[in-house]
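Each chain, written out:
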Amino acid sequence: MSFINYSAREINCKLVYYGPGLCGKTTNLQFIYNKTRPDAKGKMISLATETERTLFFDFLPLSLGEIRGFKTRFHLYTVPGQVFYDASRKLILKGVDGVCFVADSQLERMEANIESLDNLRFNLQEQGYELDKLPYVVQYNKRDLPNAVPVEELREVLNPTGVPDYEACAVTGEGVFDTLKALAKQVLTELRKGQ
Amino acid sequence: MLNAQMVMYEEELSEIQEIADQLQQDSRARTILIVDKNGQMIANAGAGSDLDTTSLSSLVAGNVAATGGIAKLIEEEEFTGQFHEGKDISVHMTLVARRIILVVLFDKGTTHGLVRLRVKKASEALSDVFDRLAVKQASTPQPDLFAEITDADIDNLFND
Ligand SMILES: Nc1nc2c(ncn2[C@@H]2O[C@H](COP(=O)(O)OP(=O)(O)O)[C@@H](O)[C@H]2O)c(=O)[nH]1
Ligand SMILES: [Mg+2]
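What you see is a predicted model; the values in this text were computed from it and never measured.

Here is what the cut-offs are and how they apply
Residues numbered from 1 in each chain as written. Chains lettered and ligands numbered in written order. Predicted model: local features only at pLDDT ≥ 70, side-chain atom pairs only at ≥ 80, totals over all residues. Heavy atoms only, no water. Helix = DSSP H or I, 4+ residues; strand = E, 2+ residues; numbered from the N terminus. Buried < 20%, exposed > 50% of the residue type's maximum accessible area, 1.4 Å probe, protein only. Contact = heavy atoms within 4.5 Å. Areas by Shrake-Rupley, 256 points an atom, 1.4 Å probe, with all protein chains shown as cover. Lys, Arg positive; Asp, Glu negative; His and termini not counted. Charge placed at Lys NZ, Arg CZ, Asp CG, Glu CD. Donors = N, O, S within 2.8 Å, 3.2 Å for Na, K, Ca; no water. Buried area = accessible area lost by both parts, 1.4 Å probe. Salt bridge = Lys/Arg side-chain N within 4 Å of Asp/Glu carboxyl O. Polar contact = N/O pair within 3.5 Å; in protein donor to acceptor, adjacent residues only side chain to side chain. Pairing = 2+ DSSP bridges. Expected span 1.5 Å × (residues − 1). Arc of directions from axis to C-beta. Near = heavy atom within 4 Å. Nonpolar A, V, L, I, M, F, W, Y, C, P; charged D, E, K, R; others polar. Axes fitted to C-alpha atoms, helices over the stretch in contact; angles between N-to-C directions.

Novice: Would you mind going over the overall build of chain B with me for this structure?
Specialist: Along its length, chain B carries four helices and six strands. The order of helices and strands in chain B, counted from the N terminus, is β-α-β-β-α-β-β-β-α-α. In terms of overall dimensions, chain B has C-alpha extents of about 55 × 40 × 30 Å along its principal axes. Counting only residues that meet the buried cut, chain B has 44% of its 160 residues in that class. Counting only contacts in chain B whose residues sit at least 6 apart along the sequence, the fraction spanning at least 24 positions is 53%. Put simply, chain B shows about 8300 Å² of open surface, and 52% of that area lies on carbon and sulfur atoms. Placing the 14 positive and 26 negative side-chain charges of chain B at their respective mean positions leaves the two points 12 Å apart.

Written out as structure tokens, the structure reads:
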């Protein structure tokens, strides 16, 4: 749910990075955090287990600059990917303005990708959202690994509706900002269309 | 669609600010935050620049969401309040009108009882403002500010 503050002249939007455990959601946010000017970002918060697995969410507030005199702020969240954290994932999807599905390109993670994508669709529906009507992009992460499935195959299975999709290597940052930009752009475009 | 946006106008924001200021005084609290259920801060009173209100708002919202999830599981109607007692500073959180979280940070300069009492009054006042805000938002056409946003404007956001 975007929050437009005419008084403070701010637009606030919530973006959620979704995907199976260990696909690289947290790494995406870390890269964005590391590459963003100090004045344009807040603290990155990670609610993680002792082994650095996301327990509840990661949170990164970004200020992207102004549009027509309105400051644009994006709140980036990741969900915990492991199957048993489903209740937490539902909570984080509340009020979402745009979703990035991060897929793990490795062959052995194909099942997990499919399961997570189904779970995303289902959890959104449960809250009255339709994935196909939301600003939505797909990222094929871990392209650097030798066991990465060809993009055409991933696309066929994970992006049947042909939304904007990007290859990435979140550890080096390749594709990370392209993905974010594409999503932010869709969200702002949606605002323009809206109402 | 469910994710109807929230809109805030000058007039209502100043009313909300007034409620926050008043509550801070009456309850002798350190800081008041008024946070949207999704974790975005709407107003605060007494938050110094050393307080990371953005992070705080997001965590408070996560906390309230998690507690709400627990309530649902045990078939309790939403818990409306939460209290965390610290050695120096305590936190009191209240859900207002099902969509706003009123957060009070207070120290030994006051008591939980007084805070609770004042929060009750402030919640009612806030509820009233947000009800009116919802009506106003539904009946006021958006200025066509967004209609004027061009692709170039959006691209420019990322060009630095
Ligand atoms: N080789 C490679 N490893 C990655 C990539 N992105 C993330 N990782 C690693 O995958 C592991 C899990 O990443 P993390 O971001 O915690 O996954 P999350 O569970 O989706 O948040 C970490 O060890 C990362 O360093 C990538 O593009 N390539
Ligand atoms: Mg993670």
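Novice: Hey, could you run me through the coordination of the magnesium ion (ligand 2) in this one?
Specialist: As a benchmark, a tetrahedral metal site with four donors has ideal angles of 109.5 degrees, while an octahedral site with six donors has ideal angles of 90 or 180 degrees. Residue and element names in this part refer to chain A. The coordination sphere of the magnesium ion (ligand 2) contains the protein donors Thr26 (OG1) and Thr54 (OG1), at a distance range of 2.0 to 2.1 Å. Separated by 28 residues along the polypeptide, Thr26 in helix α1 (residues 25-35) and Thr54 in strand β4 (residues 54-67) bring together distant segments of the chain. Comparing Thr26 with Thr54, the two get one shared label, buried.

Novice: Teacher, can you tell me more about the interface of chain A and chain B here?
Specialist: Many structure descriptions define interface size as the accessible area lost when the parts assemble. Each partner contributes to the interface: chain A provides 46 residues, whereas chain B provides 41 residues. Summed over both partners, the interface of chain A with chain B comes to about 4000 Å²; 63% of that surface belongs to carbon and sulfur atoms. Of all residues in chain A, Met1, Tyr6 and Arg192 of chain A give up the largest surface area on contact with chain B, accounting jointly for 19% of the area buried on that side. At the junction of chain A and chain B, the tally comes to two salt bridges. The partner of Lys43 of chain A in a salt bridge is Asp52 of chain B, and the shortest N-O contact between them spans 3.5 Å. At the boundary of chain A and chain B, one finds seven residue pairs in polar contact (both at pLDDT 80 or more). Of all elements in the fold, only β1 (3-5), β2 (10-18), β3 (45-48), β4, β5 (70-78) and α5 (176-193) of chain A reach the threshold of two or more residues within the side of chain A that touches chain B. With three bridges connecting them, β1 of chain A and strand β1 (residues 6-8) of chain B associate as parallel partners. Note on β1 of chain B: the bridge partner recorded for Asn5 of chain A is Met8 of chain B.

Novice: Help me understand helix α1 (residues 10-27) of chain B in this model?
Specialist: In an α-helix, one turn spans 3.6 residues; hence positions three or four apart end up facing the same way. Between its first and last C-alpha atoms α1 of chain B spans 26 Å; for 18 residues at 1.5 Å apiece the expected length is 26 Å, and the two agree. Among the residues of α1 of chain B, Glu12, Leu13, Ile16, Ile19, Ala20, Leu23 and Ser27 of chain B are the ones counted as buried. Down the axis of α1 of chain B, the sector holding all buried residues measures 120°, keeping them to one side. Exposed residues on α1 of chain B whose side chains face more than 90 degrees from its buried face are Glu10, Glu18 and Gln25 of chain B. Buried residues in α1 of chain B make contact with β1 of chain A together with β1, β2 (31-36), β3 (41-45), β6 (100-106) and α3 (112-139) of chain B.

Novice: Would you mind showing me how to read the site of ligand 1 here?
Specialist: Residue and element names in this part refer to chain A. Residues in contact with ligand 1 amount to 15 residues; listed here are only the nearest, Leu22, Lys25, Thr26, Thr27 and Asp144. With respect to ligand 1, the side chain of Thr26 contributes an N or O atom lying 2.7 Å from an oxygen atom. Contact between ligand 1 and Asn141: an oxygen atom at 3.0 Å from a side-chain N or O atom of the residue. Protein contact buries 75% of the 580 Å² of open area that ligand 1 shows by itself. Take the shell around ligand 1: its biggest share by element is three residues, from α1. Considering only residue class, the shell around ligand 1 consists of seven nonpolar, five polar and three charged.

Novice: Could you clarify how one ought to interpret the sheet that holds strand β5 (residues 90-96) of chain B in this entry?
Specialist: Hydrogen bonds along the backbone pair up the strands of a sheet, which may run parallel or antiparallel. Residues and elements named next belong to chain B. Sheet architecture is open: five strands sit in the order β3-β2-β6-β5-β4, paired in antiparallel fashion. Whereas interior strands pair on both sides, the edge strands pair on one side only; in this sheet they are β3 and β4 (81-84). Along the sheet, successive strands turn relative to each other by an average axial angle of 15°, direction set aside. By the bridge criterion, six bridges tie β2 to β6 in an arrangement that is antiparallel. Within the sheet, the bridge partner assigned to Ile34 lies in β6 and is Leu102.

Novice: I'm lost on α1 of chain A in this one. Help?
Specialist: Taken as a whole, α1 of chain A has its buried residues at Lys25, Thr26, Asn28, Leu29, Phe31 and Ile32 of chain A. Summarising the contacts, the buried residues of α1 of chain A are in contact with β2, β4, β5, β6 (98-104), β7 (136-141) and α5 of chain A.

Limitation: the analysis is restricted to geometry and does not speak to function.
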